[in-house]
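# Descriptive analysis of the structure
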Amino acid sequence: MTQNTHRAVRAADSSLRFRVLLIGASTGGPQALRCVLSGIGADFPLPVLITQHIDASFAASFPQWLTETTGLSVQLARAHTAAQAGCVYVAPPERHLIVRRAAAGGFVLAFDDGPPVEFVKPSIDMLFFSAARAFADGCLAVLLTGMGKDGAAGCRAICRAGGYTVVESAETCAIFGMPQAAIACGGACAVLPLHRIAPHILDKVYGAR
């Protein structure tokens, strides 16, 4: 499908299977995130939640940089925010971003101030686990480049809940650690090079209704 076709489908039918797009990244992640977000476009019909391992000194300017380089509305996540379609929310430093179901049927952003998970805080796994519990097969998740194995168990949890995961392949990863761990534990529904991830996301979102 072309992007124009996706826009037409969105206008005609909003009964999409997936409720949220989750993205986790670490080393090499900012440029990978820029590529994926630019590819899905500003009219993307789902909220996008990101956990990126990043130094606290860069955290404040990171959403602004993503906004300027992708054309999407990117902001640091705030607790109790009702996530909106087409908006991108980034986990702040030293806080685990999670999601909770809201009484009205949507969901709100929240934080877990527990200890680091897989030696990192914020943790990709914490975000992915919470979304798997909240939305089960309504979760669509992407795990990008990074060292270690954060996000791997979360990807497996999403797969077991009936959701769908995409992990970046070795050919484009700056570091293949996290995607490789997800593949090894059975948490990867698809393994793709970076330039193919955004088109695949669009096909899954608009094709799974």
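Structure first, text after, so check above.
A short tour of the structure in this document, coming up.

Reading guide: rules and limits
- Residues numbered from 1 in each chain as written.
- Predicted model: local features only at pLDDT ≥ 70, side-chain atom pairs only at ≥ 80, totals over all residues.
- Heavy atoms only, no water.
- Helix = DSSP H or I, 4+ residues; strand = E, 2+ residues; numbered from the N terminus.
- Rg over C-alpha atoms; globule rule 2.2 N^0.38 Å.
- Buried < 20%, exposed > 50% of the residue type's maximum accessible area, 1.4 Å probe, protein only.
- Contact = heavy atoms within 4.5 Å.
- Areas by Shrake-Rupley, 256 points an atom, 1.4 Å probe, with all protein chains shown as cover.
- Lys, Arg positive; Asp, Glu negative; His and termini not counted.
- Charge placed at Lys NZ, Arg CZ, Asp CG, Glu CD.
- Axes fitted to C-alpha atoms, helices over the stretch in contact; angles between N-to-C directions.
- Parallel < 35°, antiparallel > 145°, perpendicular 65-115°, else oblique.
- Nonpolar A, V, L, I, M, F, W, Y, C, P; charged D, E, K, R; others polar.
- Pairing = 2+ DSSP bridges.
- Salt bridge = Lys/Arg side-chain N within 4 Å of Asp/Glu carboxyl O.

What follows concerns the overall build of the protein. Per the secondary structure count, the protein includes eight helices and nine strands. Taken against the 2.2 N^0.38 rule, which gives 17 Å for 209 residues, the C-alpha radius of gyration of the protein at 15 Å falls within 12% of a compact globule. In terms of its C-alpha atoms, the protein occupies a principal-axis envelope of roughly 45 × 40 × 35 Å. The buried share of the protein, taken over its 209 residues, is 52%. The long-range share in the protein, meaning contacts at least 24 apart out of those at least 6 apart in sequence, stands at 73%. In the structure as shown, the protein presents an accessible area of about 8,800 Å², 53% of it carried by carbon and sulfur atoms. Here the protein carries 17 positive and 14 negative side-chain charges, and the mean point of each set is 7 Å from the other.

This paragraph deals with the packing of helix 5 (residues 124-135) against helix 6 (residues 152-160). Where helix 5 meets helix 6, the axes come as close as 8 Å, and the angle between the chain directions of the two elements is 10 degrees. Between helix 5 and helix 6, the angle falls in the class roughly parallel. Here Asp125, Phe128, Phe129 and Ala132 of helix 5 come into contact with helix 6, specifically with Ala152, Ala153, Gly154, Cys155, Ala157 and Ile158. Tallied by class, residues from the contact of helix 5 with helix 6 come to eight nonpolar, one polar and one charged.

Read from one edge of the open sheet, seven strands run 3-4-2-1-7-8-9, paired in parallel fashion. Only two strands of the sheet have a single partner each, and these edge strands are strand 3 (73-76) and strand 9 (190-192). Mean inter-strand twist for the sheet, computed between neighbouring axes without regard to direction, equals 20 degrees. Pairing of strand 2 (residues 48-52) with strand 4 (residues 87-90) involves three bridges; the strand directions are parallel. Its bridge partner being in strand 4, Leu49 is matched across the sheet by Tyr89. Most of the contacts of helix 6 go to strand 8 (residues 164-168), to which it runs at about 150 degrees, and overall it touches strand 1 (20-25), strand 7 (139-143) and strand 8.

Now for the pattern of salt bridges. This model, assessed by the stated rule, comprises one salt bridge. Salt-bridge contacts for Arg95 lead to Asp113; the nearest nitrogen and oxygen are separated by 3.2 Å. Of the two residues, Arg95 is situated in the loop between strand 4 and strand 5 (96-101) and Asp113 in the loop between strand 6 (107-112) and helix 5; the sequence distance between them amounts to 18 residues.

For Gln84, the location among the structural elements is in the loop between strand 3 and strand 4. In this structure the C-alpha to C-alpha distance between Gln84 and Pro45, which are 39 residues apart in sequence, comes to 9.0 Å.

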